[in-house]
Structures are given as C-alpha cells and as structure tokens.
Amino acid sequence: DPSLTMPDERIQIYGELVSELVNWASTFGGAFDEPTVEGIMERLREIAATKAEFEGKSGCEEDVMVAEQAQTLVTNMEQRSPLALCVMNNLLQQGMEHDETLESCMEREKASQMRLFTKKDGDYARWAESGKGVGLVEMPLGDSSLIREK
C-alpha cells in the first residue's frame, strides 16, 4: 500500500517514473503556449528550422533530435482535420479556467466530438469526402463553432 510508505521510500519501492510524453510537452511548452493552432505550428516550424544549424556539430545531437520531433509534430498536424485541431485547442484552453471541473470538460468534449462526427456537413465528413486527407495543407481552417460556449 503506497500510503504506508514515506515519500523518500517510494522511489526505491516503485522505481523512477519516466514519461516521454511529459518530456516532449516540457520541451515544446513554449510552442504549446501559443493561443492558436496556427501559432503553435509556426513555433514548431521555427524549432524545426534549427536542425540545419545544429546538424553535424559535436554535442548538438539532442538539439537535432528536438528539431526533428518538431518537424514530425508539424507534419502530423498538417495531416489532421483542421477544424478538429482548432476545436481541441479551444477545449484545452477552456479546460484551464479555474472554475472548470473534470465533469464539465468531459461534457463539453463529448458535445464537440458528437457535433464533429454527426453534423451532415461537419468537418470530418467534408475532410473525408475531399479525398485530400491532408488537413491544414490544402483545406481552409474554418472556425471552431462546434464548441459550445460556457
């Protein structure tokens, strides 16, 4: 039972916890602090552009790896549904409000997802029917009107 151990003993008993997701979130925290999807992507592109500056230099392997991961994130985001990215960003921002609860966040996310999936001319249907499957690269961003305001 973890409640019976002292905090300094827990590391020894349970081992060191490591999360690659938390590490990357920390690495790109400045980019993800941007208020818009476009701003996030622009910051990630700026980080990705530093690869040439660090590539081949001794001791800069981690910087190259960070630049490559930033490019991977941008590439993946460009292949996603534009409106869904904007909706998710808006949901995350609303969830940071001090009066939000897990329940209110989950209800708002459920409502937003249902609208994205069920609306006849909703983003997913339009995106899938376009045959482009390239998200932000060739489709207009639209808006995040599928999010119900508080």
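Here the residue numbers are simple positions, counted from 1 along each chain's written sequence. Per-residue local features of the predicted model are confined to residues with pLDDT of at least 70, and side-chain atom pairs are confined, for both listing and counting, to 80 or more; whole-chain, interface and lining totals are unaffected and use all residues. Calculation of side-chain values draws on the structure's entire complement of heavy atoms; hydrogens and water are dropped beforehand.

What to know about the confidence of the model for the protein chain
Basically, it comes down to this: pLDDT runs from 0 to 100 and stands for how confident the predictor is about each residue. Segments assigned H or I by DSSP are reported as helices when at least four residues long, segments assigned E as strands when at least two residues long, and all are numbered from the N terminus. By the convention used here, residues are in contact when the closest approach between their heavy atoms is within 4.5 Å.
Averaged over every residue, the pLDDT of the protein chain is 79; residues scoring 70 or more account for 68%. Confidence scores differ between elements of the protein chain, with helix H1 (residues 7–14) showing the lowest mean pLDDT of 56 and helix H4 (residues 37–48) the highest of 96. Confidence over residues 134–150 falls short of pLDDT 50; this stretch has 56 contacts with residues more than four positions distant or in other chains.

Details of the packing of H4 against helix H6 (residues 61–78)
So the rule is basically this: Simply put, an axis is a line fit to the C-alpha atoms, just over the touching stretch for a helix, and the angle between two N-to-C directions goes from 0 to 180 degrees. Should the near helix be turned anticlockwise from the far one by less than a right angle, the crossing is termed left-handed; should it be turned clockwise, right-handed. Basically, the charged four are Asp, Glu, Lys and Arg, the nonpolar ten are Ala, Val, Leu, Ile, Met, Phe, Trp, Tyr, Cys and Pro, and anything else, Gly included, counts as polar.
One way to put it is that H4 packs onto H6 with a least axis distance of 7 Å and a crossing angle of 145°. Considering the relative orientation of H4 and H6, their crossing is left-handed. Along the contact surface, H4 presents Val 37, Ile 40, Met 41, Leu 44, Arg 45, Ile 47 and Ala 48, while H6 presents Val 66, Ala 67, Ala 70, Gln 71, Leu 73, Val 74, Met 77 and Glu 78. Counted by class, the contact of H4 with H6 contains 12 nonpolar, 1 polar and 2 charged residues.

Looking at the packing of helix H7 (residues 82–95) against helix H8 (residues 102–118)
Basically, it comes down to this: Angles below 35 degrees are treated as roughly parallel, those above 145 as roughly antiparallel, those between 65 and 115 as roughly perpendicular, and all remaining angles as oblique.
Axis separation between H7 and H8 bottoms out at 10 Å; the angle between their running directions is 165°. Between H7 and H8, the angle is such that the two are roughly antiparallel. Remark: the crossing between H7 and H8 carries right-handed chirality. Mapping the contact onto sequence places Leu 83, Ala 84, Val 87, Met 88, Leu 91, Gln 94 and Gly 95 in H7 and Cys 105, Arg 108, Glu 109, Ser 112, Gln 113 and Leu 116 in H8. Partitioning the contact of H7 with H8 into residue classes produces 7 nonpolar, 4 polar and 2 charged.

Considerations on the nonpolar core
In plain terms, the rule: Joining through side-chain atoms within 4.5 Å is the link that ties buried Ala, Val, Leu, Ile, Met, Phe, Trp, Tyr and Cys residues into a set, and such a set is a nonpolar core. Working definition: with a 1.4 Å probe on protein chains only, accessible area under 20% of the residue-type maximum means buried, over 50% means exposed, and in between means partly exposed.
Ranked by internal contacts, the top residues of the largest apolar core, which has 14 residues, are Phe 28, Val 37, Met 41, Leu 44, Ala 70 and Met 77. At the level of secondary structure, the elements contributing two or more residues to this core comprise H4, H6 and H7. By residue number, the principal contributor to this core is H4, which donates 5 residues. With 5 residues, the next largest nonpolar core counts Leu 83, Ala 84, Val 87 and Leu 91 among its residues.

With respect to the environment of Met 77
On the secondary structure map, Met 77 appears in helix H6. Separated by 36 residues in the primary sequence, Met 77 and Met 41 place their C-alpha atoms 7.9 Å from one another.

Structural notes on the side chain of Arg 108
Selection rule: Distance and chemistry together define a polar contact, namely a pair of N or O atoms within 3.5 Å, with one atom able to donate a hydrogen and the other to accept it when in protein, and with adjacent residues in sequence counting only for side-chain atoms on both sides.
Considering the arrangement of structural elements, one finds Arg 108 in helix H8. Overall, the relative accessible area of 10% leaves Arg 108 in the buried class. Side-chain polar atoms of Arg 108 contact the side chain of Gln 94, separated by 2.7 Å.

Let's talk about a negative patch on the surface
Spelled out, the test is: By definition, no residue in a patch forms a salt bridge, and every one has over 30% relative accessible area; like charges are joined within 9 Å, nonpolar side chains (Val, Leu, Ile, Met, Phe, Trp, Tyr) within 5 Å. We get accessible surface area from the Shrake-Rupley algorithm with a probe of 1.4 Å; when it comes to residues, only the shown protein chains can shield them. A side-chain nitrogen of Lys or Arg and a carboxyl oxygen of Asp or Glu constitute a salt bridge if their distance falls within 4 Å. Within this scheme the basic residues Lys and Arg register as positive and the acidic residues Asp and Glu register as negative, but His and the chain ends are omitted. Think of each charge as sitting on NZ of Lys, CZ of Arg, CG of Asp or CD of Glu.
Together, Glu 53, Glu 61, Glu 62 and Asp 63 line one region of the surface with negative charge. For the negative patch, the element with the most residues is H6, which contributes 3 residues. Of note, Glu 61 is situated in helix H6. Classification of Glu 61 as exposed rests on a relative accessible area of 54%.

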